[in-house]
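# Inside the fold
For reference, the chains in residue letters:
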Amino acid sequence: MEDKEPVKSFKIVGKNVAKVDGLSLTTGSAEFTDDVFIPEMLEIKLLLSPYPHARIKRIDTTEAEQVPGVAGVFCFKNVPRVIHTTAGQGFPEPSPYDTFIFDQKVRFVGDRVAAVAAENATIAEEALKLIKVEYEELPAVLDPRLADQPGAPIIHDEPEAHYVIPVPYEPEHNIAARVEARVGDLKKGLAEADVVIEQEFITHYTQHCPLEPHIVITYFDSWGKLVIRTSTQVPFHVRRIVAQRLGIPAGKIRVLKPRIGGGFGVKQEVLLEDICALVTLRTGRPARVKYTRGEEFVASRTRHPQVLQLKLGAKKNGTLTALKMDVLMNTGAYGTHGLTVLCNTGSKTLPLFRCPNIEFTGRTVYTNLPVGGAYRGYGATQGQFAINVMMDELADKLGLDPMMLHQKNHIRKGESSPIFEALGEGTEGKPMTIQSCELDKCLQQGAQAIGWRKKQRHYRQGTFPPTPEDIEKKRYFRGVGVASLMQGSSIPGIDMAAAAMKMNDDGSFNLLVGATDLGTGSDTVLAQIAAETLGVSVDKIIVYSSDTDFTPFDSGAYASSTTYLSGSAVRECARKCREQILYVACQMFGIERSQKRDLRIENGWVKLSGTKKKKSFAQIALYSLYQKEQFQIGAIASRISHQSPPPFAAHFAEVEVDSWTGLVRVVKYVAAVDCGTAVNPPLAEGQTEGAVLTGISCALTEEFIFDNKGRVLNPNFAYYKLFGIRDVPEIKTILIPSYEPTGPYGAKSVSEISINGPLPAISNAIYDAIGIRLTHSPFTPEKVLNAIRKKYS
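The text that follows walks through the structure, step by step, so that each part is easy to find. (Residues numbered from 1 in each chain as written. Predicted model: local features only at pLDDT ≥ 70, side-chain atom pairs only at ≥ 80, totals over all residues. Heavy atoms only, no water.)

## Some words on the overall build of the protein chain
Of the regular secondary structure elements, the protein chain holds 20 helices and 28 strands. The C-alpha atoms of the protein chain give 28 Å as radius of gyration, which agrees with the globular expectation for 793 residues (28 Å, within 12%). Sequence separation of at least 24 residues holds for 81% of the intrachain contacts in the protein chain that already meet a minimum separation of 6. Of the accessible surface of the protein chain, which amounts to about 29600 Å², a share of 52% is contributed by carbon and sulfur atoms. In the protein chain, 91 positive and 88 negative side-chain charges are present, and the distance between their average locations comes to 5 Å. (Helix = DSSP H or I, 4+ residues; strand = E, 2+ residues; numbered from the N terminus. Rg over C-alpha atoms; globule rule 2.2 N^0.38 Å. Contact = heavy atoms within 4.5 Å. Areas by Shrake-Rupley, 256 points an atom, 1.4 Å probe, with all protein chains shown as cover. Lys, Arg positive; Asp, Glu negative; His and termini not counted. Charge placed at Lys NZ, Arg CZ, Asp CG, Glu CD.)

## As for the sheet that holds strand S13 (residues 306–314)
Read from one edge to the other, the open sheet built from five strands follows the order S7-S15-S14-S13-S8, with strand pairing classed as mixed. Single-partner strands in this sheet number two, and they are strand S7 (175–183) and strand S8 (195–203). The average angle at which neighbouring strand axes cross in this sheet is 5°, direction not considered. As paired strands, S7 and strand S15 (residues 358–366) are joined by eight bridges and run antiparallel to one another. By the bridge assignment for S15, Ala177 is matched with Thr364. Each of S7, S13, strand S14 (320–332) and S15 is contacted by helix H8 (residues 338–347), which is oriented at about 155° to S15, the strand it contacts most. (Pairing = 2+ DSSP bridges. Axes fitted to C-alpha atoms, helices over the stretch in contact; angles between N-to-C directions.)

## Details of the pairing of strand S28 (residues 730–735)
Here six bridges tie strand S27 (residues 664–674) to S28, and the two strands are oriented parallel to one another. Each bridged residue has a counterpart across the sheet, and for Ala671 the counterpart in S28 is Thr733. Between the parallel pair S27 and S28, the chain is carried across by helix H18 (residues 681–700), and the sense of this crossover is right-handed. (Right-handed = clockwise from strand over helix to strand, strands pointing away.)

## Description of the sheet that holds strand S18 (residues 476–486)
The four strands lie next to each other as S18-S26-S27-S28, forming an open sheet whose pairing is mixed. In this open sheet, the two edge strands, each paired with only one partner strand, are S18 and S28. Averaged over all neighbouring strand pairs, the angle between strand axes comes to 10°, with direction disregarded. Contacts between helix H10 (residues 402–409) and the sheet are confined to S18 and strand S26 (648–658), with S18 contributing the most and set at about 5° to the helix. On the sheet, helix H19 (residues 758–770) packs against S18, S26 and S27 and is oriented at approximately 145° with respect to S18.

## Thoughts on the packing of helix H16 (residues 562–589) against helix H17 (residues 617–626)
Viewed as axis vectors pointing N to C, H16 and H17 meet at an angle of 85°, and their least axial separation amounts to 10 Å. It follows from the interaxial angle that H16 and H17 lie roughly perpendicular. Where H16 approaches H17, its residues Ile581, Val584, Ala585, Gln587 and Met588 are matched on the opposing element by Phe617, Gln619, Ile620, Tyr623 and Ser624. Classifying every residue of the contact of H16 with H17 gives seven nonpolar, three polar and no charged. (Parallel < 35°, antiparallel > 145°, perpendicular 65-115°, else oblique. Nonpolar A, V, L, I, M, F, W, Y, C, P; charged D, E, K, R; others polar.)

## Considering H10
Counting buried positions along H10 yields six of eight residues, so the element is predominantly enclosed. For H10, the full list of buried residues reads Pro402, Met403, Leu405, His406, Gln407 and Asn409. Capping the start of H10 is the job of one residue whose side-chain oxygen sits 2.9 Å from the backbone nitrogen of Met403: Asp401. (Buried < 20%, exposed > 50% of the residue type's maximum accessible area, 1.4 Å probe, protein only. Polar contact = N/O pair within 3.5 Å; in protein donor to acceptor, adjacent residues only side chain to side chain.)

## A short note on the packing of H10 against helix H12 (residues 439–450)
Axis separation between H10 and H12 bottoms out at 10 Å; the angle between their running directions is 165°. Here H12 runs roughly antiparallel to H10, going by the angle between their axes. Crossing of H10 against H12: the hand is left-handed. Facing Met403, His406 and Gln407 of H10, the residues of H12 in contact are Asp440, Leu443, Gln444 and Ala447. Tallied by class, residues from the contact of H10 with H12 come to three nonpolar, three polar and one charged. (Left-handed = near helix turned anticlockwise from the far one by under 90°.)

## What to know about the nonpolar core
Within the largest apolar cluster, 111 residues are counted, with the highest numbers of intra-cluster contacts made by Phe652, Ile762, Ile766, Ile770 and Phe779. Take this core: its biggest share by element is nine residues, from helix H9 (residues 380–398). Counting residues in hydrophobic clusters, the runner-up holds 51 residues, among them Met501, Ala527, Cys573 and Leu599. (Core = buried A, V, L, I, M, F, W, Y, C linked by side-chain atoms within 4.5 Å.)

## Focus on helix H15 (residues 522–534)
With 13 residues, H15 extends 18 Å from end C-alpha to end C-alpha; this agrees with the ideal 18 Å at 1.5 Å per step. Buried residues dominate H15, accounting for 13 of its 13 residues. Taken from the residues just after H15, Gly535 is the one with a positive phi, measuring 80°. (Expected span 1.5 Å × (residues − 1).)

## Quick word on unusual backbone geometry
Note the cis peptide between Phe464 and Pro465, where omega equals -5°. Of the consecutive residues Ser777 and Pro778, the connecting peptide bond is found in the cis state with omega at 0°. One can find Pro778 in the loop between H19 and helix H20 (781–792). The backbone of Asn174 shows a phi angle near 60°, a positive value even though the residue is not glycine. In this fold, Asn174 is placed in the loop between strand S6 (132–137) and S7. At Ser490, a residue that is not glycine, the phi angle is positive and equals roughly 80°. Considering the arrangement of structural elements, one finds Ser490 in the loop between S18 and strand S19 (496–503).

## Let's talk about the pairing of strand S10 (residues 226–230)
In terms of residue burial, S10 counts as a mostly covered element, since five of its five residues are buried. On S10, burial covers both faces: Leu226, Ile228 and Thr230 on one face and Val227 and Arg229 on the other are all buried. As paired elements, strand S9 (residues 215–220) and S10 share five bridges and run antiparallel to each other. Following the sheet pairing, Phe220 is matched in S10 by Leu226. Pairing geometry for S10 and strand S11 (residues 253–256), over four bridges, is parallel. Within S11, the residue paired with Leu226 across the bridge is Ile253. As a crossover connection, the stretch from S10 through helix H5 (residues 235–246) into S11 is right-handed.

## Details of the pattern of salt bridges
Considering all chains together, one arrives at 57 salt bridges under this definition. As a salt-bridge pair, Asp274 and Arg245 come within 2.7 Å of each other at their nearest N and O atoms. You can see Asp274 sitting in helix H6 (residues 273–283) and its partner Arg245 sitting in helix H5, a full 29 residues away along the chain. Using a relative accessible area of 1% as the deciding quantity, one classes Asp274 as buried. Of the residues examined, Arg245 reaches a relative accessible area of 1% and is grouped as buried. A salt bridge links Asp392 to Arg773, with the shortest nitrogen-to-oxygen separation between them at 2.8 Å. Residue Asp392 is found in helix H9, and its partner Arg773 is found in the loop between H19 and H20; the two are separated by 381 residues along the sequence. Residue classification places Asp392 among the buried residues on the basis of a relative accessible area of 2%. (Salt bridge = Lys/Arg side-chain N within 4 Å of Asp/Glu carboxyl O.)

## Points about the side chain of Asn344
In this structure, Asn344 sits in helix H8. Sequence-distant contacts of Asn344, that is, excluding residues within four places in its chain, are made with Thr349, Tyr378, Gly379 and Ala380.

Right under this line is the structure:
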């Protein structure tokens with residue numbers, strides 16, 4: 001644990017420092033995965049299943065193989081049958097091993113059937129058309145509520161399917177995961193309540209939509225090592241998982257992560273690296289495979305849809321007495337992240353409000369629909385939607401201001417929650433204690449920014465809810481809504497990060513990190529932490545990241561871990577280098593090592609107190625390399641987190657509802673966020689605003705449309721509506737400082753939390769505007785208009 005430091009004393013941390021890759025990105029010189037030309041590179045195209053559930057009775061690739069320019073055709077008949085998970089998680093992975101590179105059974109429309117490698121994409125596409133496949137169509141499960149019912153078709157009947165950790169797994173009942181956690185006595189808590197409310201919530205399929213779809217390039221380097229150049233969030237997991245699938249040593253594989261055109265969780269999956277590597281291994285030639293936009297929609301990963309049943313009990317004064325949450329989660333055809341997302345729905349939601357009696361149950365089921373995976377928010381998005389709308393409904397039943405209900409019940413600094421321990425949020429058998437929380441300030445300042453005490457139904461003039469006559473006379477109705485949020489910072493006791501550093505003879509430093517910058521600015525943030533520790537400017541830190549041959553291990557960019565966990569490793573590594581610098585300076589000044597307390601570092605100089613003597617870092621580096629007791633000033637450090645300190649946020653939405661069309665327009669959105677010390681405030685604001693905009697788009701327009709065979713009908717940006725620049729409402733971000741003593745310079749995470757706010761805040765604002773309670777996302781004009789007609793006709 002670090003001692004608390006005054007944030008105002010920081011020279012680099014907490015300041016607006018230009019991104020270390022800003023110039024290259026702005027000028028277009030930054031290299032993404034596809035920005036290389038490798039001679040004789042093969043192009044790979046994929047044949048995907050047209051059926052939601054079928055067995056391949058026969059596949060004939062003869063004609064395709066005979067097409068001039070085809071280098072190979074691959075299917076279940078000629079690739080290794082190795083059971084695995086595609087989830088890029090730490091080993092042993094908490095996801096079921098239920099996937100093969102190719103299988104004789106397909107389980108959703110878009111599942112992989114075969115691949116063609118050819119001289120160019122045109123030849124590969126022509127060859128795909130010549131592959132003859134005879135399918136035996138099987139009954140499909142397209143409704144998660146029916147997936148585990150008696151008589152439902154079994155989706156995973158392969159005998160190899162299993163978990164590598166001891167958790168419940170019932171593929172014979174289409175159950176990919178189960179979770180149960182109980183605290184206190186739920187029945188007693190409900191009996192003590194003056195008010196009990198129940199509600200069902202349904203969250204929908206959404207896709208991450210990174211500008212850069214999945215893409216992989218593989219080749220052999222001059223040493224015969226297999227190089228995988230890939231757009232990934234988890235380079236070290238890619239190396240391990242590809243080695244496992246293809247049966248080759250991990251040391252024979254090098255994974256490179258260039259600049260990434262967006263991830264948001266979808267690139268925490270190892271989807272294409274195996275087939276691309278297989279082609280290079282079989283042919284000896286470089287190869288490239290990339291998803292089309294349509295393939296990215298249907299064949300990559302999505303947010304897990306959920307059905308949530310909640311029951312909430314409270315006293316008349318708003319004190320919570322009981323909370324029950326039951327979750328049915330649809331993982332689609334494969335169980336990747338099916339356990340951990342389900343757990344997060346409870347663990348990142350239920351501790352937010354103090355309640356002595358809690359019951360959380362959930363199950364994840366297989367269906368013959370697109371596959372769920374990691375998505376920014378990671379289960380908390382669904383859970384926060386439900387709990388925040390329930391709090392708003394409870395406030396309405398009790399005649400209270402919803403914001404005051406939040407202020408009365410939210411967890412505070414110095415407190416814990418028994419649900420932390422029940423759901424594994426803690427270490428060494430102890431539940432986590434909140435050591436930093438400014439949620440109350442978030443609520444206060446966010447409410448002031450949105451104009452809560454003027455616009456909310458408890459304070460504004462007029463009748464609420466509107467009367468049918470009001471609806472006839474008036475077209476537009478405005479309202480405001482609030483949501484309180486929490487997330488986490490890393491996975492305690494499991495994921496690890498490391499950093500290495502060496503000092504150069506000009507006083508600059510090479511910082512090597514396995515952490516993955518997704519465009520989030522983590523290279524810059526880590527450079528700031530290193531610079532602050534060493535006492536130099538950021539331009540003296542040369543960051544090199546995400547190369548499994550040259551950078552130390554890092555679990556990857558997920559679980560909101562980079563600033564908190566990787567940053568802690570960087571700080572410790574830089575601290576070790578700083579100690580070595582002071583040791584050499586003692587030699588140069590001719591003082592004992594015990595006198596190093598008389599030395600101070602200022603902007604790349606070591607000064608001896610009480611004298612005018614000083615040595616530059618460059619002088620110290622040259623002395624250490626060429627003069628006395630020569631050694632390389634450098635260090636390596638590793639960190640594993642023992643807690644997952646939550647960032648907190650209060651979100652406020654102001655909406656305008658068109659009662660004639662059902663169209664909902666967000667007028668203004670305020671996100672007040674406690675992320676500890678914001679290492680780089682503009683980057684933290686950018687993360688918040690990007691997450692908010694994604695959340696608003698998800699809440700109002702994004703939606704998969706399926707036919708009755710489980711086929712996605714809108715796998716494109718023409719009919720899957722993403723918010724664009726013309727849709728952006730006024731967004732105000734307020735960073736509320738706190739100090740997290742377990743984080744580097746008081747920092748904790750910021751990247752995920754704000755995607756969780758728009759669903760509940762907008763739903764609550766719609767209710768405040770026009771008196772309809774929306775619990776099934778997204779809030780499309782059709783749903784809103786139907787709800788208005790149902791209530792007021």
